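If you want the building blocks of each chain, they are given just below.
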Amino acid sequence: MKIVKKDIRALSKEELRFFFTSNGDKAFRGNQVYEWLWQKGAHHFDDMTNLSKETRQMMRANFSINHIKVDSMQRSLDGTIKNGIRLHDGMIVESVLIPTAKRSTACVSSQVGCSLDCKFCATSRLKRMRNLNPDEIYDQVVAIDRQSKLYYGRPLSNIVFMGMGEPLMNYNNVLKAIDKITSKDGLGMSPKRVVVSTSGVPKMIKKMADDGVKFNLAVSLHSAIDSVRTSIMPFNETFPLKDLREALKHWYDSTSRIITYEYVVWEGINDTKSDVEALIDFCKFAPSKVNLIEYNPIDDGIFHQANNAAIELYVSMLEAKNITVTVRRSRGKDIDAACGQLANKDKS
Ligand code: SAH
């Protein structure tokens, strides 16, 4: 019978310290191991070179280290790097490094597949297979931080939860991962540099606000008209805009942090004046800004990026109401690394 060893990374620092004292060693040995695991990203006990051979042997006998593995890596002409990440059970998720002149942004996944069914998103075709655990999320960030240092000579500056999955449907694990990303024991990044992007789960947005989280919130809105939104994001039927805007108001009232609305303008779907008017009304509920993102085709034959005139209409009408709007160009399109294109395409 195969003995399944406990993953050492499931232990807190306190538990590690306790493990060593109860095995006749010093508590600080736990700190050393913790540092190897979480700051130095060790994948093998033998990497922990300041521990004696006996100690490493003893740990190997008791534990495993279930780390993720960068299985494939593609580099786009614009410098974007897409990673296929193999998890300990063989499943694959994707994470992306997006370098710009000033920033290095990691776009990470929170689930294998996704339980939502946004019609324009490639990941929705995979269905949700499982949630990622906190370490699997954290490890993606560490792997991309290393790539950023290696290829661009600087550490990560920003993290966005805009990869595969709906982060608020895996809330506890996402929060634990962010704790580690922002703690001194982990990467020590500022929570201000982290954005959680959600399709908009009202109850969870309220909970996040009540939990006092310190990161930023982006909502994939795409339409502020219920019938339109439901037709492209069917879960809007269960979580209608009325509930969403109430939750967002609650978020702003408790956090004082402005919300970003992500929005793609599609031909014949949301490209008219009344669509913009509805968005302007929606923006009144809580201080917010609008990010118009480019559509990344997923070969569905239904969705087509609206023309420049429609984008201009949005920009001018929003600006006339003093709503900040940015038009974001897509990155990594040539390697299917752009928003909504993550679908393990090159995997059998
Ligand atoms: N589930 C989360 C995070 C993943 S999607 C969310 O919905 O926010 C990350 C962003 O990519 C979202 O704003 C989503 O609406 C957008 N997106 C999905 N498919 C896209 C596509 N084909 N082209 C452009 N953006 C897309």
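Residues numbered from 1 in each chain as written. Predicted model: local features only at pLDDT ≥ 70, side-chain atom pairs only at ≥ 80, totals over all residues. Heavy atoms only, no water.

> Pulling in residues and values, what's your account of the overall build of the protein?
Scanning the protein from terminus to terminus reveals ten helices and 14 strands. Here the protein has a C-alpha radius of gyration of 22 Å; the compact-globule value for 348 residues is 20 Å, and the two agree. Its C-alpha atoms give the protein principal-axis dimensions of about 70 × 40 × 40 Å. A total of 348 residues make up the protein; the buried ones form 53% of that total. Intrachain contacts of the protein at a sequence separation of at least 6 include 65% that bridge at least 24 residues. Summing over all exposed atoms, the protein offers an accessible surface of approximately 16,100 Å²; the carbon and sulfur share of this is 52%. Of note, the protein has its 50 positive side-chain charges centred 5 Å away from the centre of its 41 negative side-chain charges. (Helix = DSSP H or I, 4+ residues; strand = E, 2+ residues; numbered from the N terminus. Rg over C-alpha atoms; globule rule 2.2 N^0.38 Å. Buried < 20%, exposed > 50% of the residue type's maximum accessible area, 1.4 Å probe, protein only. Contact = heavy atoms within 4.5 Å. Areas by Shrake-Rupley, 256 points an atom, 1.4 Å probe, with all protein chains shown as cover. Lys, Arg positive; Asp, Glu negative; His and termini not counted. Charge placed at Lys NZ, Arg CZ, Asp CG, Glu CD.)

> Can you tell me about a positive patch on the surface, naming the residues and giving the values?
On the surface, Lys 102, Arg 103, Arg 193 and Lys 289 cluster together into a positively charged patch. Structurally, Arg 193 can be placed in the loop between helix 5 (171-182) and strand 10 (194-198). A relative accessible area of 40% places Arg 193 in the partly exposed class. (Patch = residues over 30% accessible without salt bridge, like charges linked within 9 Å, V, L, I, M, F, W, Y side chains within 5 Å. Salt bridge = Lys/Arg side-chain N within 4 Å of Asp/Glu carboxyl O.)

> I'd love a proper account of the nonpolar core, names of residues and values included.
Residues Met 48 and Ile 159 are the most contacted members of the largest nonpolar core, which totals 92 residues. Residue assignment places this core across two domains, with domain 1 (6-64) and domain 2 (69-335) each supplying three or more. Not counting chain neighbours up to four residues away, the residues in contact with Ile 159 comprise Ala 106, Val 108, Val 141, Ile 181, Met 189, Arg 193, Val 194 and Val 195. (Core = buried A, V, L, I, M, F, W, Y, C linked by side-chain atoms within 4.5 Å. Domains from an automatic or database assignment.)

> Can you explain the pairing of strand 12 (residues 259-263)? Please cite residues and give values.
The side chains of a regular strand alternate between the sheet's two faces. Burial runs high along strand 12: five of the five residues are buried. The alternating pattern of strand 12 places Ile 259, Tyr 261 and Tyr 263 and Thr 260 and Glu 262 on opposite faces, both of which are buried. Summarising the sheet, strand 11 (residues 216-220) and strand 12 pair through three bridges and their orientation is parallel. Counterpart to Val 219 in the pairing with strand 12 is Tyr 261. Of the strand pairs in this sheet, strand 12 and strand 13 (residues 288-293) are connected by five bridges, and their pairing is parallel. Residue pairing in the sheet places Glu 262 in a bridge with Asn 291 of strand 13. Taking the sense of rotation as the criterion, the β-α-β connection linking strand 12, helix 9 (residues 273-283) and strand 13 turns out right-handed. (Pairing = 2+ DSSP bridges. Right-handed = clockwise from strand over helix to strand, strands pointing away.)

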